[in-house]
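# Structural characterization, general
One letter stands for each residue in the lines below.
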Amino acid sequence: MAAVVWNEALLEQAEALCRAAHECARRGWVPATAGNFSFRDAESGRIFITASGLDKGAITPDDLLEIDADYNVLAGAGKPSAETSLHGVIYRDRPGTGAIFHVHTIWNTLLSDRFAKAGAVALEAYELLKALSSVTTHRHRELVPILENSQEYVGLALELEVALKNYPEAHGVLLRRHGLYTWGKSVAEARRHLEALEFLFEVESRRLCFES
């Protein structure tokens, strides 16, 4: 497969995505080869996503695959993650999305299991909620839906589609005992949402520990 041909604007986004992935690795949010990251070119609609099985702390733009809307690999080395279709659902159903981050952290893994029966994690009355796009008050109640984890990604993609429809204001989706998907209109916004949600997941987890 031919290498991805970068123009200046796309390379800038690719480098920003890699820097964000490196930071996530440094913070222990993508252990081993976990997680995947992508951005979408607004002009062509093509998606650039991390190849499967890589250490996210060392990726470069050469480790990104260029794929079309049907998940066909157009350029790049390696194979796409089995979770590529979940990125596709988010890009399709949240048309303003320009980047998606998927991480596996201690706190989102614990909370996704703790609130699985409720169907969502509720985050309310925290100041940092205002870091989420369109949220203007700490009184906001953010509901992060939880899907049962599965290796059957066709079915999981359909469940994700339903969750995005049922939770139109959500800034992320959790897979039970697996990890978080969050997104933004740009790499920078997706990174901000990730940092805010992970902070809030940790605070909420510690609060529950103190109350038990």
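Read on for a plain summary of the structure.

Calculation notes
- Residues numbered from 1 in each chain as written.
- Predicted model: local features only at pLDDT ≥ 70, side-chain atom pairs only at ≥ 80, totals over all residues.
- Heavy atoms only, no water.
- Helix = DSSP H or I, 4+ residues; strand = E, 2+ residues; numbered from the N terminus.
- Buried < 20%, exposed > 50% of the residue type's maximum accessible area, 1.4 Å probe, protein only.
- Polar contact = N/O pair within 3.5 Å; in protein donor to acceptor, adjacent residues only side chain to side chain.
- Contact = heavy atoms within 4.5 Å.
- Pairing = 2+ DSSP bridges.
- Axes fitted to C-alpha atoms, helices over the stretch in contact; angles between N-to-C directions.
- Arc of directions from axis to C-beta.
- Core = buried A, V, L, I, M, F, W, Y, C linked by side-chain atoms within 4.5 Å.

Topologically, His87 is positioned in helix H2 (residues 84-93). Using a relative accessible area of 1% as the deciding quantity, one classes His87 as buried. Engagement of the side chain of His87 in a polar contact is seen with the side chain of Ser38, the distance being 2.8 Å. Once residues within four sequence positions are removed from consideration, His87 is found in contact with Asn36, Phe37, Ser38, Ile49, Ile100 and Tyr181.

In space, the nine strands of this open sheet follow the order E4-E3-E2-E1-E5-E9-E8-E7-E6, with mixed pairing throughout. Each edge of the open sheet carries a strand with a single partner, namely strand E4 (73-75) and strand E6 (120-124). For this sheet, the mean angle separating the axes of adjacent strands, direction not counted, is 25 degrees. Packed onto the sheet, helix H3 (residues 106-114) meets strand E5 (99-103), E6, strand E7 (141-147), strand E8 (172-175) and strand E9 (179-184) and runs at close to 75 degrees relative to E8. Running over the sheet, helix H5 (residues 187-211) touches strand E1 (36-40), E5, E6, E7, E8 and E9 and is turned about 140 degrees from E9.

Among all positions of H3, only Asn108, Leu111 and Ser112 are buried. Down the axis of H3, the smallest arc covering the buried residues is 100 degrees, so these residues share one side. Seen from the open side of H3, the exposed residues pointing more than 90 degrees away from its buried face are Ile106 and Arg114. Tucked into the core, H3 has its buried residues touching E5, E6, E7, E8, E9 and H5.

If you look at the biggest cluster of nonpolar residues, it comprises 42 residues, and the most contacted ones within it are Phe39, Val121 and Phe201. Mapped onto this core, the elements with two or more residues apiece are helix H1 (8-26), E1, E5, E6, E7 and H5. Membership of the second largest hydrophobic core comes to 21 residues, among which are Tyr91, Leu147, Ala157 and Leu160.

With that settled, the discussion passes to the pairing of E1. Of all five residues making up E1, five are buried, and the element is well covered by its neighbours. Residues Asn36, Ser38 and Arg40 point to one face of E1 and Phe37 and Phe39 to the other, with burial holding for every one of them. As judged from the four bridges shared by E1 and E5, these two strands associate in the antiparallel manner. The residue of E5 that forms the bridge with Phe37 is Phe101. For E1 and strand E2 (residues 47-50), the ladder comprises three bridges, and the chain directions are antiparallel. Bridged to Ser38 within E2 is Ile49. In textbook terms, the turn of a hairpin is the stretch between consecutive antiparallel strands, and for E1 and E2 this stretch comprises six residues, one of which, Gly45, has a positive phi near 80 degrees.

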